[in-house]
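So the chains spell out like this:
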Amino acid sequence: MTEFKRNRKTRISDNLRELFQEQHLHVTDLIYPMFISEEVDAPQEIKSMPGTYQIPLNSLPQEIEEIQSLGIKAVLLFGIPKVKDAEGNQAYAKDGIVQRAIRQIKQLAPDLIVIADTCLCEYTDHGHCGHINHEGFLVNDASVELSVRTAVSQAEAGADIIAPSSCLDGVAGEIRQALDAAGYTYTSVMGYSIKFASAFYGPFRDAADSAPKMGNRKTYQIPTSNQREALRELNSDIEEGVDMVIVKPAMAFMDMIYQTRQMTNLPVVVYNVSGEYSMIEAAASNGWISKEQIIIELMLSFKRAGADLIITYHAKEIAKLIQ
Ligand code: PBG
């Protein structure tokens, strides 16, 4: 007679393992981020993110067709404008790069869910997420006003979901009110509710040409050491009426994904950010890890921690793997 538990019973064959698998990955779990650029006239690979491209508007038809054929249901759009200025005018211009991309995508694929990242840092010449004063400090309320203008113009272009990523106080609520006032009552707000001041965004800032020219984002993004402060930010966004919440980055912040899941019944979205993607690409290209296994393992881990949806640059590859 054995006195210990034989926990291996449920894993001794493929069928048993499949039967008792707790988490499953579906293509509908994935959101694919895209960089639409006015600066390129053909897809251009981002150096620090192999396999990810800045694309011009005229590449959208092929891109969207591929995304749809893979079964991906949602994209997250970032824009890289030709002209940047202190107030980020191209972020809220009627014919701004993202506004044009949204209209084109809605023509090509009316059912594809378009999420617009709402931020100014790709559009300002100083690289901060709004209006800065002469000391380089991001002025809150004036910057919120610019984000609101951007959000409404993205909704007007046809975005289904607005995702304010600037981490300004009050930005989610002000956007909600402005959308309602403009008649976009069914346009959702996906809050970047927990967004840390993370070094994992490094490659993105190459991709979107959005690195701050001076200083950093530490006066608006959350210190990476702070769990309770992150939960305060989450609560503010929920009070301001967001429809879904983002936790970002993902890999090093699984505790936050787990806690967010415990604290809200809103959909939880995790952002598997650029640095996480690039580390995997680099290790895989050296033959040090098995990329396919690692990315599936990671996605399942996000789901185990409590994610409903995952924003990932690996979305297309994952879709192919699980098809
Ligand atoms: C814009 C924004 C950033 C990311 C998404 N939206 C960069 C930043 O805050 O500096 C990062 C995404 C990634 O690293 O993949 N504010």
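Residues numbered from 1 in each chain as written. Predicted model: local features only at pLDDT ≥ 70, side-chain atom pairs only at ≥ 80, totals over all residues. Heavy atoms only, no water.

### Quick look at the environment of Leu 76
Here comes step 1: On the secondary structure map, Leu 76 appears in strand E4 (residues 74-80).
Here comes step 2: By relative accessible area, which is 1% here, Leu 76 ends up buried.
Here comes step 3: In sequence terms Leu 76 and Ala 163 are 87 residues apart; their C-alpha atoms lie 8.7 Å from each other.
Here comes step 4: Ignoring sequence-local partners within four residues, the contact set of Leu 76 consists of Ile 31, Tyr 32, Pro 33, Met 34, Ile 115, Ala 116, Asp 117, Tyr 192, Tyr 271 and Ile 311. (Helix = DSSP H or I, 4+ residues; strand = E, 2+ residues; numbered from the N terminus. Buried < 20%, exposed > 50% of the residue type's maximum accessible area, 1.4 Å probe, protein only. Contact = heavy atoms within 4.5 Å.)

### Examining the site of the ligand
Here comes step 1: If you check the shell around the ligand, you find 18 residues, and the closest are Arg 205, Arg 217, Lys 248, Ser 274 and Tyr 313.
Here comes step 2: In the model, an oxygen atom of the ligand is placed 2.6 Å from a nitrogen or oxygen of the Arg 205 side chain.
Here comes step 3: One of the side-chain N or O atoms of Ser 274 is found 2.7 Å from an oxygen atom in the ligand.
Here comes step 4: In the complex, 100% of the free accessible area of the ligand, which totals 400 Å², lies under the protein chains.
Here comes step 5: In the shell around the ligand, the residues fall into 9 nonpolar, 3 polar and 6 charged. (Near = heavy atom within 4 Å. Polar contact = N/O pair within 3.5 Å; in protein donor to acceptor, adjacent residues only side chain to side chain. Areas by Shrake-Rupley, 256 points an atom, 1.4 Å probe, with all protein chains shown as cover. Nonpolar A, V, L, I, M, F, W, Y, C, P; charged D, E, K, R; others polar.)

### Re the packing of helix H2 (residues 60-69) against helix H3 (residues 97-108)
Here comes step 1: Packing of H2 against H3 leaves a shortest axis separation of 10 Å and a crossing angle of 55 degrees. By the angle between their axes, H2 is oblique relative to H3. You can see that H2 and H3 cross each other, and the crossing is right-handed. Mapping the contact onto sequence places Leu 60, Pro 61 and Ile 64 in H2 and Ala 101, Gln 104, Ile 105 and Leu 108 in H3.
Here comes step 2: Residues of the contact of H2 with H3, tallied by class, amount to 6 nonpolar, 1 polar and no charged. (Axes fitted to C-alpha atoms, helices over the stretch in contact; angles between N-to-C directions. Parallel < 35°, antiparallel > 145°, perpendicular 65-115°, else oblique. Left-handed = near helix turned anticlockwise from the far one by under 90°.)

### A closer look at the pattern of salt bridges
Here comes step 1: Scanning the model with the defined rule gives 15 salt bridges in all.
Here comes step 2: The closest approach of N and O atoms between Arg 17 and Asp 14, which form a salt bridge, is 2.4 Å. A residue pair is termed a helical-turn pair when its members lie 3 or 4 positions apart in one helix, as Arg 17 and Asp 14 do in helix H1 (residues 14-19) at 3 residues.
Here comes step 3: Put simply, Glu 66 and Lys 316 hold a salt bridge, and the shortest N to O gap is 3.0 Å. Linking Glu 66 in helix H2 with Lys 316 in helix H11 (residues 315-322), this pair joins segments that are 250 residues apart in sequence.
Here comes step 4: Relative accessible area serves as the criterion here: at 12%, Lys 316 is assigned to the buried category. (Salt bridge = Lys/Arg side-chain N within 4 Å of Asp/Glu carboxyl O.)

### Notes on the packing of aromatic side chains
Here comes step 1: Under the definition given, this model contains 8 aromatic pairs.
Here comes step 2: When the centroid spacing of 5.5 Å and the interplanar angle of 25 degrees are considered together, the rings of Phe 35 and Phe 78 count as stacked. Within this pair, whereas Phe 35 is found in strand E1 (residues 30-37), its partner Phe 78 is found in strand E4, the two being separated by 43 residues in sequence. Both residues of the pair, Phe 35 and Phe 78, count as buried.
Here comes step 3: Seen from their ring centres, Phe 35 and Tyr 313 are 6.1 Å apart, and the 5 degrees between their planes marks the pair as stacked. Here Tyr 313 lies in the loop between strand E10 (309-312) and H11 and Phe 35 lies in strand E1, a separation of 278 residues in the sequence.
Here comes step 4: Ring-pair connections join several aromatic residues into one group, and the members of that group are Phe 35, Phe 78, Tyr 192, Phe 204, Tyr 271, Tyr 277 and Tyr 313.
Here comes step 5: Its end group placed over the ring of Tyr 192, Lys 195 keeps NZ or CZ at 5.2 Å from the ring centre.
Here comes step 6: Directly above the ring of Tyr 271 sits Lys 248, whose terminal nitrogen or CZ lies 4.9 Å from the centroid. (Phe/Tyr/Trp six-rings, centres within 6.5 Å; stacked < 30°, edge-to-face > 60°. Lys NZ or Arg CZ within 6 Å of the ring centre and 35° of its normal.)

### Let's talk about helix H8 (residues 254-263)
Residues that lie three or four places apart on an α-helix share one face, since the helix turns once every 3.6 residues.
Here comes step 1: Of all the residues in H8, the buried ones are Met 256, Ile 257 and Thr 260. One face of H8 carries all of its buried residues, which in axial projection span an arc of 105 degrees.
Here comes step 2: Close packing links the buried residues of H8 with strand E7 (188-195), helix H7 (227-239), strand E8 (244-248), strand E9 (268-272) and helix H10 (291-305). (Arc of directions from axis to C-beta.)

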